[in-house]
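# Overview (structure and organization)
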Amino acid sequence: MDETAPIRDFEKLLRETIGLSMETVGASVIRHALKRRMTACAIRDLHAYWAFLNGSPAERQELVDAVIVPETWFFRDREAFGAMVRHLRENRAGNRPLKLLSLPCSTGEEPYSIAMALLDAGFPDGSFQIDAIDVSSRNLVHAERAIYGKNSFRGADIAFRDRYFEACEDGFRPHDIVRRQVRFRLGNVLAAAAQSGADAYDVAFCRNLLIYFDRETQGAALARLRQMLADNGLLLVGPAESGLPMLHGFASVRYPHAFAFSKAEAAATKPSEPPPARKPRPAPMKASPLPQMQVAAPRPAPRPFLQKAAPTQPSAPAPDQAAANLAEIERAADAGRLTEVQAAAERHIAEFGPSPDAFYWLGLAHDAADAAEEAIRNYRKALYLAPHHQRALAQLRLLQQRLGDHGGAKALADRLDRLAKRSGT
Ligand SMILES: C[S@@+](CC[C@H](N)C(=O)[O-])C[C@H]1O[C@@H](n2cnc3c(N)ncnc32)[C@H](O)[C@@H]1O
């Protein structure tokens with residue numbers, strides 16, 4: 001596949017469609033997704049695929065599905081659910097059903113966890129409603145099917161599984177009482193429409209999405225979330241995103257380790273103007289049952305590449321070879337041959353596609369060469385693909401500390417602590 005201009009068209013399209021920042025995730029992630037989709041469509045030429053993509057909303061959705069990271073599990077960062085319950089108990093006024101949002105909901109573990117936490121806290125069946133939204137139709141199919149394997153149950157405390165799940169052939173399925181609290185919809189945070197009054201959300205979970213956006217898109221997404229949240233609502237973000245809401249009209253609510261923010265306090269402290277929200281695009285990618293949200297569709301008409309790309313040769317993955325190659329890179333790193341590590345990691349990505357370990361080694365090689373920006377970029381790419389990559393978290397933390405970013409380093413240290421506790425190490 002041609003490495004330069006044509007890929008930029010796909011990058012631009014994905015940035016405009018779902019806000020994905022190439023700076024964060026790296027072009028190799030896109031290249032890999034393109035390879036997979038071209039193989040699936042039996043198209044070998046990048047130009048032909050571009051033309052096909054522009055004429056097919058369904059294929060645009062497939063490409064989005066191929067590029068996103070669905071990583072999630074039940075009760076991920078458990079403290080957030082405790083903060084939600086506390087907030088709702090302290091702020092509930094009247095008897096109207098509570099409204100909660102999980103955006104992005106990925107394969108459903110987060111919204112079902114919200115339902116279980118509320119039922120456990122004594123909120124009766126039907127007294128709340130959870131809207132669960134994601135831009136990936138594939139994830140939503142999984143969420144509605146609601147059958148979960150062991151990867152969805154992590155950490156030491158999974159007692160909730162005995163209370164709320166039944167075993168089935170392929171895993172575990174939440175009971176009816178959990179499933180009926182959640183409505184899944186296809187939607188895009190960047191095209192979410194304003195809501196107010198009774199329609200506004202009492203609590204919004206927007207976790208582990210903003211990290212994949214560039215600054216402008218983070219601002220646009222937070223501006224939308226602010227519009228969708230009730231005046232005394234609570235916003236919950238992921239641990240790596242805790243520095244962002246305060247830049248965009250929110251104030252921190254001090255629930256320990258919950259990364260919780262309130263709009264009301266922010267309003268009282270005169271928020272900075274949120275950056276302009278991205279214009280929702282006219283047509284949805286796929287018919288969505290959600291009236292107020294649409295998946296943004298990219299440009300309507302096909303347009304040619306600036307230059308001709310070489311035909312692509314989609315190749316099958318070779319997991320054993322890839323693992324052996326990574327082990328070799330690790331040996332070179334252990335021996336301190338870091339220039340070699342850099343070249344080998346780059347070759348690895350070109351040959352086997354993006355992998356968290358390869359980006360980690362690349363980050364380490366740049367780190368050793370004092371190329372801090374490149375190092376940070378690569379550690380972040382590793383964390384995009386594997387948010388719990390402990391070595392990438394640890395090295396990024398050390399680097400941020402060295403650069404004087406003590407807030408960022410502390411957030412990563414907390415994340416590592418929580419990981420260690422969860423894994424009992
Ligand atoms: C890492 S998962 C996070 C899931 C869950 N919130 C959690 O923290 O476990 C990221 C999800 O964001 C979704 N996503 C990516 N861009 C999006 C967008 N612009 N609007 C809505 N969802 C998006 C992806 O499809 C993916 O399911």
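Structural data are supplied above this passage.
These numbers come from a predicted model, not from an experiment.

### Some thoughts on the overall build of the protein
Within the protein, the regular secondary structure consists of 18 helices and nine strands. When each of the 425 residues of the protein is scored for burial, the buried share is 53%. Here the contacts in the protein between residues at least 6 apart in sequence split such that 73% fall between residues at least 24 apart. When the accessible surface of the protein is summed, it comes to about 18,800 Å², and 53% of that surface belongs to carbon and sulfur atoms.

### Quick word on the site of the ligand
Around the ligand, the surrounding shell holds 21 residues, and the nearest of these are Thr72, Arg76, Pro104, Asp134 and Asn208. Here an oxygen atom of the ligand and a side-chain polar atom of Thr72 are 2.6 Å apart. Note that a nitrogen atom of the ligand is positioned 3.0 Å from one of the backbone N or O atoms of Val189. More than half of the atoms belonging to the ligand lie within 2 Å of the grid points that define the largest cavity. For the shell around the ligand, the per-class residue count stands at nine nonpolar, seven polar and five charged.

### Section: empty space enclosed by the protein
Once rolled over the atoms, a probe with the size of a water molecule shows which space is left empty. In the structure shown here, the tally under the stated rule is four cavities of 30 Å³ or more. Of the pockets and cavities examined, the largest cavity occupies roughly 380 Å³. For the largest cavity, the lining is made up of 26 residues, of which Val69, Pro104, Asp134, Asn208 and Leu209 are closest to its centre. When its residues are assigned to classes, the lining of the largest cavity shows 15 nonpolar, six polar and five charged. Approximately 90 Å³ is the volume found for the second largest cavity. Forming the walls of the second largest cavity are eleven residues, and the residues nearest its centre are Arg76, Asp77, Pro239, His388 and Arg415. Of the residues in the lining of the second largest cavity, the class split is four nonpolar, two polar and five charged. If you count residues domain by domain, the lining of the second largest cavity takes at least three from each of domain 2 (79–268) and domain 3 (319–423).

### Some remarks on the packing of aromatic side chains
Two measures describe an aromatic ring pair: the distance that separates the ring centres and the angle between the ring planes. Considering all chains together, one arrives at 18 aromatic pairs under this definition. Between the aromatic rings of Phe153 and Phe160, the centroid separation amounts to 6.0 Å while the plane-to-plane angle is 25°, which identifies the pairing as stacked. Accessibility expressed as a relative area gives 3% for Phe160, which makes it buried. Aromatic rings pair up to connect Phe74, Phe75, Phe81, Tyr112, Tyr148, Phe153, Phe160, Phe165, Phe172, Phe184 and Phe205 into one cluster. In this structure, Arg161 is placed above the aromatic ring of Phe172, and the distance from its NZ or CZ to the ring centre is 4.1 Å.

### Here we look at the nonpolar core
If you look at the biggest cluster of nonpolar residues, it comprises 43 residues, and the most contacted ones within it are Met84, Leu100 and Leu236. Top element by residues in this core is helix H7 (residues 109–120). It accounts for seven residues. Setting aside its immediate chain neighbours within four residues, Leu100 contacts Met84, Leu88, Ile114, Leu118, Phe128, Gln129, Ile130, Asp131, Tyr201 and Val203. Counting 27 residues, the second-largest nonpolar core is a separate cluster that includes Ala333, Val341, Ala344 and Ala345.

### Some details on the packing of helix H15 (residues 356–368) against helix H17 (residues 390–402)
Helix-helix packing is characterised by the crossing angle of the two axes and by the distance between the axes. Where H15 contacts H17, the two axes come as close as 10 Å, and the packing angle between them is 25°. As the angle between them shows, H15 and H17 are arranged roughly parallel. Note on packing geometry: the crossing formed by H15 with H17 is left-handed. Together, Asp357, Tyr360, Trp361, Leu364 and Asp367 of H15 and Arg391, Ala392, Gln395, Leu399 and Arg402 of H17 make up the contact between the two elements. Its residues assigned to classes, the contact of H15 with H17 shows five nonpolar, one polar and four charged.

### Regarding the environment of Ala413
Structurally, Ala413 can be placed in helix H18 (residues 406–423). Separated by 20 residues in sequence, Ala413 and Leu393 place their C-alpha atoms 8.1 Å apart.

### Focus on H15
Relative to the 18 Å expected for 13 residues at 1.5 Å per residue, H15 spans 18 Å between its end C-alpha atoms, a close match to the ideal helical length. In terms of burial, H15 is largely enclosed, as ten of its 13 residues are buried. Within H15, burial applies to Ala358, Phe359, Tyr360, Trp361, Leu362, Gly363, Leu364, Ala365, His366 and Asp367. Tucked inside the fold, the buried residues of H15 contact helix H2 (22–25), helix H3 (27–41), helix H13 (319–334), helix H14 (338–352), helix H16 (372–385) and H17. Asp370 occupies a position one or two residues after H15 and carries a positive phi of about 60°.

### Some words on the pairing of strand E6 (residues 201–205)
A large share of E6 lies buried, amounting to five of its five residues. Two strands pair when backbone bridges link them, and strand E1 (residues 98–102) and E6 are joined in this way by three bridges, in the parallel orientation. Across the sheet, residue Leu101 finds its bridge partner in E6, namely Ala204. Relative to strand E7 (residues 229–236), E6 is paired through four bridges, and the arrangement is parallel.

Thresholds, definitions, all that
- Residues numbered from 1 in each chain as written.
- Predicted model: local features only at pLDDT ≥ 70, side-chain atom pairs only at ≥ 80, totals over all residues.
- Heavy atoms only, no water.
- Helix = DSSP H or I, 4+ residues; strand = E, 2+ residues; numbered from the N terminus.
- Buried < 20%, exposed > 50% of the residue type's maximum accessible area, 1.4 Å probe, protein only.
- Contact = heavy atoms within 4.5 Å.
- Areas by Shrake-Rupley, 256 points an atom, 1.4 Å probe, with all protein chains shown as cover.
- Near = heavy atom within 4 Å.
- Polar contact = N/O pair within 3.5 Å; in protein donor to acceptor, adjacent residues only side chain to side chain.
- 1 Å grid on protein atoms, 1.4 Å probe; cavity = no way out; pocket = protein on both sides within 12 Å on 5 of 7 lines; lining within 4 Å.
- Sits in = over half its atoms within 2 Å of the grid points.
- Nonpolar A, V, L, I, M, F, W, Y, C, P; charged D, E, K, R; others polar.
- Points joined across faces, edges and corners; volume = space filled by probe spheres on them.
- Domains from an automatic or database assignment.
- Phe/Tyr/Trp six-rings, centres within 6.5 Å; stacked < 30°, edge-to-face > 60°.
- Lys NZ or Arg CZ within 6 Å of the ring centre and 35° of its normal.
- Core = buried A, V, L, I, M, F, W, Y, C linked by side-chain atoms within 4.5 Å.
- Axes fitted to C-alpha atoms, helices over the stretch in contact; angles between N-to-C directions.
- Parallel < 35°, antiparallel > 145°, perpendicular 65-115°, else oblique.
- Left-handed = near helix turned anticlockwise from the far one by under 90°.
- Expected span 1.5 Å × (residues − 1).
- Pairing = 2+ DSSP bridges.

On their own, these measurements won't tell you what the molecule is for.
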